[in-house]
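# Analysis of the macromolecular model
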Amino acid sequence: QSPQQMAEEASRKRELRLMKNREAAKECRRRKKEYVKCLETRVAVLENQNKQLIDELKTLKELYVHKQND
Amino acid sequence: QSPQQMAEEASRKRELRLMKNREAAKECRRRKKEYVKCLETRVAVLENQNKQLIDELKTLKELYVHKQND
Amino acid sequence: MSNPRKFSEKIALHNQKQAEETAAFERIMQEVSVTRVIGMQPPRMTSAHLSPHPQAYLRSYLGGSLPNVNQIAANPQIELHHQGG
Amino acid sequence: MSNPRKFSEKIALHNQKQAEETAAFERIMQEVSVTRVIGMQPPRMTSAHLSPHPQAYLRSYLGGSLPNVNQIAANPQIELHHQGG
DNA sequence: TTGGGCTGACGTCAGCCCTG
DNA sequence: CAGGGCTGACGTCAGCCCAA
């Protein structure tokens, strides 16, 4: 093989690899963004559940002490 | 001013701006990483609190129905 | 490892945990709601207790289907058997 | 806006919320613990009630410093409902 | 063992928002 | 209005890790 064809082959291979990694990086960023949004949503959900659980715990606690005093 | 000095000035200004934005990007990535880690830690904390709250709610509920049957 | 490297696995893991915790959360909330409702009755009799259909009375206070109510039905005061399915 | 653009502000906001929620969490846990402890006593008298130091008896059951316990130990029949929420 | 898929980290560009 | 601080998104390089 002539060195000219070798250089062309190497260049084409490199460009193909760059193209693949380019798209892969784009997909990776997309998944990372989705993951962070998932984390934020999860935090919000857990926060609401915590508040509701604390409220229910307060209510049941006062109901318990009221039953106690009866 | 000679166009030679103008080109040098522009090049120096551009390089300075690139340098600043380079360090800014590095700090930005650092803060983003810290933020994501903060989110994960927060999720773990809220998860543990949820479990403990649910357990306490179960205990208090059974205690309540036991008091009810007395 | 519980901390995967791929984002897709992290997302799937978080969705799974969130589903489980939400299920447990809704379950305990319903149970506590039921407990509070039946706990309010004994000291004072309500006209609903005179109704020939106490199940309908309870279901009027609570929303969806209550599979765990059977355990509560173990209370000797109230009889609550399956409505046959 | 509650959703800042800068990461530092997001971190500060999350830390603030986490501190508040942790405080509320620990508070309600201690209160429920106290409620359960004092709720177990009335049906049967314990020898600890004959002790000249009931506060010390309660502190033996509970961990940290409990400022509200003093009022409860002083007047066990009072109702303790603070801010309703 | 090794090639390829994913991701971490970098530098650069473009754009937003705030301050001068 | 122009200028600068931060961040979103891109392409590239380096490296990890698993299936082939």
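Residues numbered from 1 in each chain as written. Chains lettered and ligands numbered in written order. Predicted model: local features only at pLDDT ≥ 70, side-chain atom pairs only at ≥ 80, totals over all residues. Heavy atoms only, no water.

## Overview of the protein's contact with DNA strand F
Among the 15 residues in the neighbourhood of DNA strand F, the closest are listed as A:Lys33, B:Cys28, B:Arg31, D:Arg5 and D:Phe7. Sugar plus phosphate: this is where 69% of the atoms of DNA strand F within 4 Å of the protein reside. At a separation of 2.8 Å, a phosphate oxygen of DNA strand F approaches a polar side-chain atom of B:Arg31. Elements that contribute at least two residues to the surface near DNA strand F include exactly α1 (3-69) of chain A together with α1 (3-69) of chain B. Tallied by class, residues from the surface near DNA strand F come to four nonpolar, two polar and nine charged. (Near = heavy atom within 4 Å. Polar contact = N/O pair within 3.5 Å; in protein donor to acceptor, adjacent residues only side chain to side chain. Helix = DSSP H or I, 4+ residues; strand = E, 2+ residues; numbered from the N terminus. Nonpolar A, V, L, I, M, F, W, Y, C, P; charged D, E, K, R; others polar.)

## Some details on the protein's contact with DNA strand E
Neighbouring DNA strand E are 15 residues; A:Arg31, B:Lys33, C:Arg5, C:Phe7 and D:Arg5 lie closest to it. Between DNA strand E and B:Arg29 there is a distance of 3.2 Å, counted from a base nitrogen to a side-chain nitrogen or oxygen. The side chain of D:Arg5 places a nitrogen or oxygen atom 3.2 Å from a base nitrogen of DNA strand E. Broken down by element, the residue count for the surface near DNA strand E peaks at seven residues, all from α1(B).

## A closer look at the side chain of C:Thr35
Turning to its location among the elements, C:Thr35 is positioned in helix α1 (residues 7-40). Among residues more than four places away in sequence, those in contact with C:Thr35 are B:Lys61, B:Tyr64 and B:Val65. (Contact = heavy atoms within 4.5 Å.)

## Let's talk about the packing of α1(A) against α1(B)
Two elements in contact, α1(A) and α1(B), have axes whose closest approach is 8 Å; the angle formed by their N-to-C orientations is 25 degrees. The pairing of α1(A) with α1(B) is recorded here as roughly parallel in orientation. Note that α1(A) runs across α1(B); the crossing there is left-handed. Grouping the amino acids of the contact of α1(A) with α1(B) by side-chain chemistry returns 22 nonpolar, six polar and 12 charged. (Axes fitted to C-alpha atoms, helices over the stretch in contact; angles between N-to-C directions. Parallel < 35°, antiparallel > 145°, perpendicular 65-115°, else oblique. Left-handed = near helix turned anticlockwise from the far one by under 90°.)

## Some remarks on the packing of aromatic side chains
Using the criterion set out here, one finds two aromatic pairs over all chains in the structure. With 5.7 Å between their ring centres and 25 degrees between their planes, A:Tyr35 and C:Phe7 make a pair best called stacked. Separated into two different chains, A:Tyr35 in helix α1 and C:Phe7 in helix α1 make up a pair that spans both. Overall, the relative accessible area of 17% leaves C:Phe7 in the buried class. (Phe/Tyr/Trp six-rings, centres within 6.5 Å; stacked < 30°, edge-to-face > 60°. Buried < 20%, exposed > 50% of the residue type's maximum accessible area, 1.4 Å probe, protein only.)

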